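Now for the letters of each chain:
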Amino acid sequence: MRIARFSIDGSVAFGVIEDGPSAQDGPVIDIIKGHPFAEFERSGRKIPLSEVRLLPPVLPNKIVAIGRNYAEHAAELGNEVPDVPVAFFKPSTSVIGPGDPIVYPSFSQEVHHEAELAVVIGRMCKEVPRERVKDVILGYTCANDVTARDVQKREKQWARAKGFDTSCPLGPWVETGIDPAEITAGLGIGCTVNGQQRQLGRTSEMVRPIEDLIVHITEAMTLLPGDVVLTGTPAGVGPLSVGDEVAVTIEGIGTLTNKVIKRG
């Protein structure tokens, strides 16, 4: 199922996206009672999706991102695939939702898009064995690991380069019906800028699969419900300019679209 977080008339709620009564009606969202990190009931109150504003599907306590998890992407930036996963954090304040603007940071002259599959954690977990990884995942969403590439190159830590406000678009919803095995087999993942294809790959190109990443991360830290793991980006990353519209599309999930604006 597809679980969205949305606002309408000043209220924020979660809901399940369903087909409308007819093709002409379009999809609707059935508001759920409570939140999606525990058993929930559908309220039966359905609102046309066109009448709500989609928000970031979760508000993570932390975003743990994995770098250089696609060999061709590592090579295009002159890097080798590391012996162990390279993990870094993006703060919760970097998160924006579908349609929200990416604000070009004043301290950078070279901002890049990075289309990524995001894993949404569904329950508190630590030291997860490989065979239990599926049990701790709520679902998956699209992400854009927006990066100030020039800052990343000159600063040894990536905190500013990858953690500035609006650098982590997420959405448009969480898809719960995907098995990690489908990701290993390969889902299409791509990015367009102003309608032109920039990135086009498959999740089967990941150096390390979802299971290995969750095991690696939870050896060191506890993941909480709503936390997000970014799984790396395929080759084709490139610059964004003010005015650009960037869209990340992942097979079986949907499309996340954001526009780049000048800091006002």
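For the structure itself, look to the data block above.
Here the structure is a predicted model, which is why all the values come from computation and not from measurement.

Take the pattern of salt bridges next. Note that side chains of opposite charge can pair when their charged atoms are close. Overall, the coordinates contain 15 salt bridges when judged by the stated rule. Here E41 ties to K33 by a salt bridge, and the two come within 3.8 Å at their closest N and O atoms. Residue classification places E41 among the exposed positions, given a relative accessible area of 52%. D145 is the salt-bridge partner of K162, the closest N and O atoms lying 2.8 Å from each other. In this pair, K162 sits in helix α3 (residues 159–163) while D145 sits in the loop between β12 (137–144) and β13 (147–148), placing the two residues 17 residues apart along the sequence. Note on accessibility: K162 and D145 belong to one class, buried.

For the rest of this paragraph, the subject is helix α5 (residues 210–218). Within α5 the residues assigned to the buried category are I210, E211, L213, I214, I217 and T218. The arc that holds the buried residues of α5, viewed along the axis, is 165°, so those residues lie on one side. In this structure, the buried residues of α5 make contact with β6 (63–67), β11 (115–121), β12, α4 (180–185) and β17 (228–230).

As a further point, take the sheet that holds strand β16 (residues 196–202). Ordered in space as β9-β20-β19-β15-β16, the five strands form an open sheet in which the pairing is mixed. Across the chains shown, the open sheet's two edge strands, defined by having one partner strand only, are β9 (102–104) and β16. Sheet twist, expressed as the average angle between the axes of neighbouring strands with direction ignored, equals 20°. As paired elements, strand β15 (residues 188–193) and strand β19 (residues 245–250) share five bridges and run antiparallel to each other. Paired with V193 across the bridge in β19 is V246.

With that settled, consider the pairing of strand β1 (residues 2–8). Of all the seven residues making up β1, six are buried; the element is thus mostly covered by neighbouring parts of the structure. Looking at chain direction, β1 and strand β14 (residues 168–175) are connected through two bridges and run antiparallel. Across the sheet, the residue bridging to R2 is E175, located in β14. Here seven bridges tie β1 to strand β2 (residues 11–18), and the two strands are oriented antiparallel to one another. From the neighbouring strand, I8 faces β2, where its bridge partner is S11. Linking two consecutive strands that pair antiparallel, namely β1 and β2, is a turn of two residues; a positive phi of about 55° is found at D9 within it.

Here the focus is the sheet that holds β13. Strands belonging to one sheet form pairs held by backbone hydrogen bonds; the direction of such a pair is parallel or antiparallel. Judged by pairing direction, the sheet is antiparallel, and its three strands sit side by side in the order β13-β10-β18 without closing on themselves. The sheet is open, and its two edges are formed by β13 and β18 (238–240), each paired on a single side. Pairing between strand β10 (residues 111–113) and β13: two bridges, direction antiparallel. In the strand pairing of β13, H112 is matched with T147.

Thresholds applied
Residues numbered from 1 in each chain as written. Predicted model: local features only at pLDDT ≥ 70, side-chain atom pairs only at ≥ 80, totals over all residues. Heavy atoms only, no water. Salt bridge = Lys/Arg side-chain N within 4 Å of Asp/Glu carboxyl O. Buried < 20%, exposed > 50% of the residue type's maximum accessible area, 1.4 Å probe, protein only. Helix = DSSP H or I, 4+ residues; strand = E, 2+ residues; numbered from the N terminus. Arc of directions from axis to C-beta. Contact = heavy atoms within 4.5 Å. Pairing = 2+ DSSP bridges. Axes fitted to C-alpha atoms, helices over the stretch in contact; angles between N-to-C directions.

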